[in-house]
Structure formats: structure tokens, C-alpha cells
Amino acid sequence: MAFDFSVVRETRLSHLTERKAVQLLKSCRELAPWLLRKEVYAIADLPFHRPRIPNDIGCCWILLVQKNWEKESVLRPAMILPLEWKSNEKEHDKRLPDGLLALAQSISEQLNASHWTLHSAEGMKIPDLSSMDIGQWSSAWVPLFSGLQLALLDLQPRPDVFATGAWDDNLKPIAGLREKIEVAREWSGKHFFFPQADDAETSQTEQLFRKEMRLHKMRITTKLHLAVRDHLTCLAAAPKKRVYPDAAAWERFDHYYRLLPTIQERRAFYQSHYMRPVMKKLLRENPQIKKWQNRTFVCWLSERIDLTELAVRLFHPSRMILFATEGMLEKEREDLLKNLQKEGLCLIPEIFTSPKNLPIPDLRRLVLGTLQKTIRQEEPLLFDLTLRSVPISLVFSHCRYPQSLFLFWNRAMLDHLPYPSTIRMELLEPWDV
């Protein structure tokens, strides 16, 4: 039995015999469990096994709703079509529906990625779907667009994140939301993204499913990348940890780090994925580090407290003097001490705080006065100058400690966010300044 979508769409459960049900399953090939209802398997006297969502790099999945669906239909009311973006194929998979391929072509052009083409996922054996007609394919835009963006970043997608949404100069609401969420739930979906809409049907659907799945309303906007930013961030799976990352792994780490929306999430990812391999990398590149260990470490704490931890773990200071703004980063300071204790660095830092919004001259006097009271003239110091401009100017212009060493972390930056794998350590002595 050859696959003909129009014939399958008209086929009714009550008309199926065991033999016809088996033939129908065979005609759909590996798409059968994605397209056909479980009842077809029951009639064929065959077990139904729900396939996993493919999540290799380049994979994506779109949700299709059958128009005017009837309870007797052999097709699911909403179907999942697993797909994959590939960069090593000359053209799109001609077995896919024409309307879908036209959408894929426009997306690859939007992302300046015309060498990427759309195919069935992971070499899946599928029938010829070129004549498949479900009406508009536009609601597949969001998952296809985000899927290609992740492929360009060399990141895997999470299989529990689903999305739907159209684009036509701005993000557009879609139909069939309830049916799409139902099929996503069947495939163990945890997150579902859809364009914001204020109609009664959408509100009822949200009320129905909000306890079973996190529903995310996507802002209606004309800004292309802003439209999918939250979906892309949620969809991206964290790269696997590597003790000795190669160039490709470092790049994946950086891409994922820069996708994370909050400093807290970026800090946690840095701690889990970057800290150890970066330390190994820096120790290889800077053998002189051991020469400068066991000093008094002086630092002004900022949101990038993970770099403070990196410095302490590399230089093993004998004493820590930390400055911080009053009432800020208190939990982060506790986490820093816990992390250092796990590494056997059981230092109790001397913490000095300043009031919020203290003018720079007063801040300068406060820090200088604290150093003069707490540090001996001959005490070997390590100043971390990376994280705040005031201490930089202060120690450069008022350095009265001949045993000082100035530490500066340098990294490639774009749009105020670093590429952490590019970190370089610069050590300056007073006569270098």
C-alpha cells in the first residue's frame, strides 16, 4: 500500500480490518507512531511504542493540526513531525511537503544559512510527503527557526521543549493550540511556547494545562531574534562537561553560556563547566603562577564572583581581603566560601563593606584607609583588578606596597557578555605599571 496523505486522511477506524491496519502502518513507515492513533495499532494487533524525540545537533520538531478532524479518523488530531537541519547536503529532502520546504528555505535565508537544508530526523525512513496538505505551514516557523539557530551554535535541543508560532513581519498567534499541547504532553513535554493571544479559547487552554506543563507566552514583536529568545534559551541543552575540552567543546560552552538569561545561571554554568578546565588551561599557559602563590589576595567583589573564585583557587592566598557594597552579594559570598572549602581552601576572608552609591573620592579614602590599617608595608599582595574600575585607578595611582602583584583577567567580549573560554591572565608588577 503506497502512502497517499489524502487517502489516509479520509480513512476511518471503523473501516479498518487487521490486514488494512497493518498495511496502513507499513505505508507510513517510521512516521507511523507520530501520525497515526494508537487505535490503529490495536486493530493491527501490534504493540504501540512511543518513539523518543530526536535531539541530536540540528534536530527540531514541528506540530501539525489536522483541519476538521473527526473522531473516526486514523490520524492524530495533532501530529509531531521530527526533522533535522543539515549542513552537508546540497538540497532539502524532496520527500518533505512542498509548503514546509518553502518555509525552511525562507528561514535559512533569514539566518544567512543557505547551506543548511531540512531533512527527516536522524535518517528516519519516511514515505513521500511532498503532497501532504494541512493548509498553512506557517505555525512551524518558531521551532524551525530556533532549531536552525541552535544548529548554527552547535548545541543540542532539549526533547521536552515544544513550540508553535508563525512569522510575517512579526510573531503571529496560531490555531489548534489545545491539540498541540495535548500531543506535546503525550511526548513528556515540560515546556510549551506559543505567541501571546488574548482570546477566550487560548485562556481556557492555559487554564486546562498550566498544572501539567509550563506554558510560555511569547511576546508579539517585530524584532526577529527577540521573538524567539526565550524559546531558544529554554530549548538549548547544556553541553556535556569535558575535563580537557577541544576547540569545538570550548565554543559550545561559550555559545551556551551567552544564551543563559541571568547572571546567576551563567555563574552556575561557569562553576560546573568552566572552572576546572580553565584552571588546567591557565596553569599550563602560566607556569609562573606557583611563584606568586601564598600572597594576601585583595579584591572588590562584583557579580562576576566566579572569577574571584578562580583567582583564589589558582593562587592559594594565605589571606583574603574582600571589599563589597553593603547588602549586596551576601548569598554569593556564602557560596564562594563553601566552594573554596570543598577544595580544601579553608580561608576566613576579612570582608569590608561600603555604603551604596558612595562617591568615588569617599570610596577611595575608605579602601586606602582599610589597606593602611590591615596590611604591613612589606606584605606580598595580589590585587585582582578585573572587576571594578575604582580599585584599578586606586592601586595604580596609590600603590605603596613594593611586593604587589596586579592580576587582570582579559576575555573577548560582545554585547557586554564575555566568551569565557578566551580568558587570558595578565600579571603586572609595580614597575610594569
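The text that follows walks through the structure, step by step, so that each part is easy to find. (Residues numbered from 1 in each chain as written. Predicted model: local features only at pLDDT ≥ 70, side-chain atom pairs only at ≥ 80, totals over all residues. Heavy atoms only, no water.)

1. Some words on the pattern of salt bridges
Counted by the stated rule, this structure contains 26 salt bridges. As a salt-bridge pair, Glu309 and Arg313 come within 3.1 Å of each other at their nearest N and O atoms. Of the two residues, Glu309 and Arg313 both sit in helix 12 (residues 305–315), four residues apart, roughly one turn of that helix. You can call Glu309 buried: its relative accessible area is 3%. In the salt-bridge network here, residues are joined through shared partners; they are Arg319, Glu350, Arg376, Glu378 and Glu379. (Salt bridge = Lys/Arg side-chain N within 4 Å of Asp/Glu carboxyl O. Helix = DSSP H or I, 4+ residues; strand = E, 2+ residues; numbered from the N terminus. Buried < 20%, exposed > 50% of the residue type's maximum accessible area, 1.4 Å probe, protein only.)

2. Section: the side chain of Arg12
In this fold, Arg12 is placed in the loop between helix 1 (5–10) and helix 2 (18–28). A distance of 3.3 Å separates the side chain of Arg12 from the backbone oxygen of Glu10, its partner in a polar contact. In this view, Arg12 contacts Glu70, Glu72, Ser73 and Val74; residues no more than four positions away in its chain are not counted. (Polar contact = N/O pair within 3.5 Å; in protein donor to acceptor, adjacent residues only side chain to side chain. Contact = heavy atoms within 4.5 Å.)

3. Quick look at the layout of surface pockets
Estimated volume of the largest pocket: approximately 710 Å³. As for the largest pocket, its lining consists of 23 residues, of which Arg229, Leu232, Thr233, Arg258 and Leu259 are closest to the centre. The set of elements that each furnish at least two residues to the lining of the largest pocket consists of helix 6 (141–152), helix 9 (224–235), helix 10 (247–259), helix 11 (263–285) and strand 14 (417–428). Looking at the lining of the largest pocket element by element, the count peaks at seven residues for helix 9. When the residues that make up the lining of the largest pocket are grouped by side-chain class, the tally is 12 nonpolar, four polar and seven charged. (1 Å grid on protein atoms, 1.4 Å probe; cavity = no way out; pocket = protein on both sides within 12 Å on 5 of 7 lines; lining within 4 Å. Points joined across faces, edges and corners; volume = space filled by probe spheres on them. Nonpolar A, V, L, I, M, F, W, Y, C, P; charged D, E, K, R; others polar.)

4. Overview of unusual backbone geometry
Of note in the backbone geometry, Asp169 takes a positive phi value of approximately 70° without being a glycine. Along the chain, Asp169 turns up in the loop between strand 5 (166–167) and strand 6 (171–172). Phi at His316 takes a positive value of approximately 45°, unusual for a residue other than glycine. With respect to the helices and strands, the residue His316 is situated in the loop between helix 12 and strand 10 (319–325). For His316, a relative accessible area of 33% puts it in the partly exposed group.

5. Focus on the environment of Leu24
In this structure, Leu24 sits in helix 2. When its relative accessible area of 2% is taken as the criterion, Leu24 is described as buried. Between the C-alpha atoms of Leu24 and Tyr41, which are 17 residues apart in sequence, the distance is 9.8 Å.

6. Comments concerning the sheet that holds strand 1 (residues 59–65)
Pairing is antiparallel in the open sheet, where three strands are placed in the order 1-2-3. Two strands bound the open sheet, and with one partner strand each, they are strand 1 and strand 3 (117–120). Each adjacent strand pair in this sheet contributes to an overall mean axis angle of 40°, direction not counted. With seven bridges joining them, strand 1 and strand 2 (residues 78–86) adopt antiparallel strand pairing. By the bridge assignment, Ile62 is partnered in strand 2 with Leu81. Packed onto the sheet, helix 5 (residues 98–110) meets strand 1, strand 2 and strand 3 and runs at close to 45° relative to strand 2. (Pairing = 2+ DSSP bridges. Axes fitted to C-alpha atoms, helices over the stretch in contact; angles between N-to-C directions.)

7. Some points on the sheet that holds strand 14
Where strands meet in a sheet, backbone hydrogen bonds hold them as pairs that are either parallel or antiparallel. Here we have six strands laid out as an open sheet, ordered 11-10-9-12-13-14, and mixed in their pairing. Two strands in the sheet have a free side with no partner beyond their single neighbour: strand 11 (350–354) and strand 14. Averaged over all pairs of adjacent strands, the angle between their axes in this sheet comes to 20°, without regard to strand direction. Inspection of the sheet shows strand 9 (residues 296–300) paired to strand 10 by five bridges, in the parallel sense.

8. Comments concerning the packing of helix 5 against helix 6
Where helix 5 meets helix 6, the closest approach of the two axes is 10 Å, and the angle between their N-to-C directions is 45°. In terms of orientation, helix 5 lies oblique with respect to helix 6. Judged by the sense of rotation from one axis to the other, the crossing of helix 5 with helix 6 is right-handed. From helix 5, Leu100, Leu103, Ile107, Ser108 and Gln110 reach across to helix 6, where they touch Trp141, Leu144, Phe145 and Leu148. Across the contact of helix 5 with helix 6, the residue classes break down as seven nonpolar, two polar and no charged. (Parallel < 35°, antiparallel > 145°, perpendicular 65-115°, else oblique. Left-handed = near helix turned anticlockwise from the far one by under 90°.)

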